[in-house]
Amino acid sequence: MRKNKVVLLSALVACALMTGCKDDKNKTVNIEFMHSSVEQERQAIIGKLIARFEQENPGITVKQVPVEEDAYNTKVTTLARSGALPEVIEISHDYAKVMDKEQLLDRKAIEDVIATLGEHAFHDGVLRIVRTEDAQAWTGVPISAWIQGIWYKKSVLANAGLQPPHNWQSLLTAADALADPIHKKYGIALPTAESVMTEQAFSQFALSNGANVFNASGAVTIDTPEMAQALTFYQTLAKDTMPGSNDVMEIKDAFMNGAAPMAIYSTYILPAVYSEGDPQDLGFVVPNEKTPAVYGMITSLTLTAGQNDAETDAAKRFVVFMEQAQNAADWVLMSPGAALPVIRAVSDTPSYKDNPVIKAFGDLPAQLIAQFPNVKVFGSVGDKNFTRMGDITGSGALNAMVNNVTVGNKAVNATLSQSQARIAQLAAQ
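What comes next concerns the included structure. (Residues numbered from 1 in each chain as written. Predicted model: local features only at pLDDT ≥ 70, side-chain atom pairs only at ≥ 80, totals over all residues. Heavy atoms only, no water.)

So, about the overall build of the protein. Across its full length, the protein holds 20 helices and 10 strands. Projected onto the principal axes, the alpha-carbon positions of the protein cover approximately 85 × 50 × 35 Å. Here the protein holds 429 residues, and the buried ones make up 54% of them. Across the protein, every contact between residues at least 6 apart in sequence was considered, and the portion connecting residues at least 24 apart equals 77%. Just so you have it, the protein exposes about 18,400 Å², and 51% of that area is on carbon and sulfur atoms. Charge centroids of the protein, computed over 35 positive and 46 negative side chains, lie 3 Å from each other. (Helix = DSSP H or I, 4+ residues; strand = E, 2+ residues; numbered from the N terminus. Buried < 20%, exposed > 50% of the residue type's maximum accessible area, 1.4 Å probe, protein only. Contact = heavy atoms within 4.5 Å. Areas by Shrake-Rupley, 256 points an atom, 1.4 Å probe, with all protein chains shown as cover. Lys, Arg positive; Asp, Glu negative; His and termini not counted. Charge placed at Lys NZ, Arg CZ, Asp CG, Glu CD.)

With that settled, the discussion passes to the pattern of salt bridges. All told, the structure shown has 10 salt bridges when counted by the stated rule. Between Lys101 and Asp391 there is a salt bridge, and its shortest N-O distance comes to 3.3 Å. Of this pair, Lys101 sits in helix α4 (residues 93-101) while Asp391 sits in helix α18 (residues 388-395), and the two are 290 residues apart along the sequence. What makes Asp391 partly exposed here is its relative accessible area of 40%. As a salt-bridge pair, Arg107 and Asp134 come within 3.0 Å of each other at their nearest N and O atoms. Of the two residues, Arg107 sits in helix α5 (residues 107-117) while Asp134 sits in the loop between α6 (126-129) and β4 (141-153), which places them 27 residues apart along the sequence. Residue Arg107 is classed as partly exposed on the basis of its relative accessible area, which comes to 29%. Among the charged side chains, a network of salt bridges with common partners joins Asp100, Arg107 and Asp134. (Salt bridge = Lys/Arg side-chain N within 4 Å of Asp/Glu carboxyl O.)

Packing of α18 against helix α20 (residues 412-428) brings their axes to within 9 Å, and their N-to-C directions diverge by 130°. As judged from the angle between their axes, α18 and α20 are oblique. Crossing of α18 over α20 shows right-handed handedness. On the side of α18, the interface is formed by Arg388, Ile392 and Ser395, while α20 contributes Arg422, Ile423, Leu426 and Ala427. (Axes fitted to C-alpha atoms, helices over the stretch in contact; angles between N-to-C directions. Parallel < 35°, antiparallel > 145°, perpendicular 65-115°, else oblique. Left-handed = near helix turned anticlockwise from the far one by under 90°.)

What follows covers the nonpolar core. Within the largest apolar cluster, 89 residues are counted, with the highest numbers of intra-cluster contacts made by Trp151, Phe318 and Phe372. For this core, the element with the most residues is helix α13 (residues 309-322), which contributes 7 residues. Aside from chain neighbours lying at most four places away, what touches Phe318 is Ile31, Phe33, Ile50, Phe53, Val62 and Val88. (Core = buried A, V, L, I, M, F, W, Y, C linked by side-chain atoms within 4.5 Å.)

One pass over the structure, following the stated rule, counts 13 aromatic pairs. Geometrically, the ring pair formed by Phe202 and Tyr234 is edge-to-face, given 5.7 Å between the ring centres and 90° between the ring planes. Here Phe202 is found in helix α9 (residues 196-208), whereas its partner Tyr234 is found in helix α10 (residues 225-237), with 32 residues between them in sequence. Comparing Phe202 with Tyr234 shows no difference in burial state: the two are buried. Geometrically, the ring pair formed by Phe202 and Phe378 is tilted, given 6.4 Å between the ring centres and 55° between the ring planes. Here Phe202 is found in helix α9, whereas its partner Phe378 is found in the loop between α17 (364-369) and β9 (380-381), with 176 residues between them in sequence. Between the NZ or CZ atom of Lys153 and the centre of the ring of Phe255, over which it lies, the distance is 5.0 Å. (Phe/Tyr/Trp six-rings, centres within 6.5 Å; stacked < 30°, edge-to-face > 60°. Lys NZ or Arg CZ within 6 Å of the ring centre and 35° of its normal.)

For the rest of this paragraph, the subject is α4. Every buried residue belonging to α4 is among His93, Tyr95, Ala96, Lys97, Met99 and Asp100, and all of these are buried. Taken from the residues just after α4, Gln103 is the one with a positive phi, measuring 60°.

For strand β5 (residues 262-266), a buried count of 5 out of 5 residues is recorded, marking the element as mostly surrounded by other parts of the structure. Relative to β5, β4 is paired through 5 bridges, and the arrangement is antiparallel. From the neighbouring strand, Gln148 faces β5, where its bridge partner is Ser266. (Pairing = 2+ DSSP bridges.)

A separate point is unusual backbone geometry. For Gln103, which is not a glycine, the phi torsion comes out positive at approximately 60°. Note that Gln103 resides in the loop between α4 and α5. Taking the relative accessible area as the measure of exposure, Gln103 reaches 68% and is therefore exposed. Even without being glycine, Ala135 reaches a positive phi, approximately 60°. Within the secondary structure, Ala135 sits in the loop between α6 and β4.

What describes two packed helices is the angle between their axes and the distance between those same axes. Packing of helix α8 (residues 168-178) against α10 brings their axes to within 10 Å, and their N-to-C directions diverge by 15°. The orientation of α8 with respect to α10, classified from their angle, is roughly parallel. When you trace α8 past α10, the crossing you get is left-handed. Here Trp168, Leu171, Leu172 and Ala175 of α8 come into contact with α10, specifically with Gln229, Ala230, Phe233, Thr236 and Leu237. Among the residues forming the contact of α8 with α10, the class breakdown is 7 nonpolar, 2 polar and no charged. (Nonpolar A, V, L, I, M, F, W, Y, C, P; charged D, E, K, R; others polar.)

Next up, the structure:
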């Protein structure tokens, strides 16, 4: 692909220098857009967006490159090694840090797009999550997000005489009161498996208590009193969840079938509640001890390094187009409720406001969007997002730590000491 592009560009340059070649219609720039929407209906929506863009930009063609989510990061690595990265890539803020570390991103092009849109176009707190480790640039242009917290069924808590939990102790009190394991009823569906979901769920409690994997200087800070308090609490709360190692499906099933009236899950629970439950009975709170902490995942459209000027310019035009209110709304509404808009203007578009899923949940989508300033993730300290965090998450060290004290019932202090040594070694590589 790279060789063909170079040949094409050379031909266009040569043509421009010839007196008889004056037809700009022949000057076409071809770019690729890699994304994870492999479903046919989603590809159709993206295809319509591309068609609108090409109509407004007749000198540019955009080719979709859909890739299965499970193979996504591997595909990026393979394409990078062959020098054939698509010009625009849909990417999570987690993996974008890895790409930035490998110098695969065009920081200047990303900055140009954000400057064109204006930082105020994004909801407060969003751009902070996509900051680079040196806090001098961004790893992508955010287009959507999902967040995770504690979901609860209002009617169940009300019937038990319980208020929605507002801090650790009230959450534990509610979970204890609602738990009836003899009858296979549990106070809360809590992730405990050796999976990334467990790391994400635990991170909210740790970060709400001021505990993080790194400090501002980049030193590993696992074995601290704040982390010990958070891990001890999570171990105690896990006594009110289902036995064994619980992951995505176990959590979702327990909440949806009534086995647990509270659950830690992402906004991807909303489509299930819309189709199978009562949207008006769904409540949301976040872990809050010293400060509120919401786990969130930002999806960005990033621009890759190594492209020629014409391709980079076309890519920037395409990303600016995709970030416009109606286009970003079309993108978000491929997963209504589950994917949250990060562009302020999206919420005012008729297609978003009148979407049946969004309307069914009343004020809840706006309440979720309002949590963006509270999004906190391990490895993010102030405006710094340490790239080494990706390797630590990939190692499974943190979810193993949580699994050891919940399912394995290991001692918290010994587990933290072992985890500190393991993660410090990983961070030093």
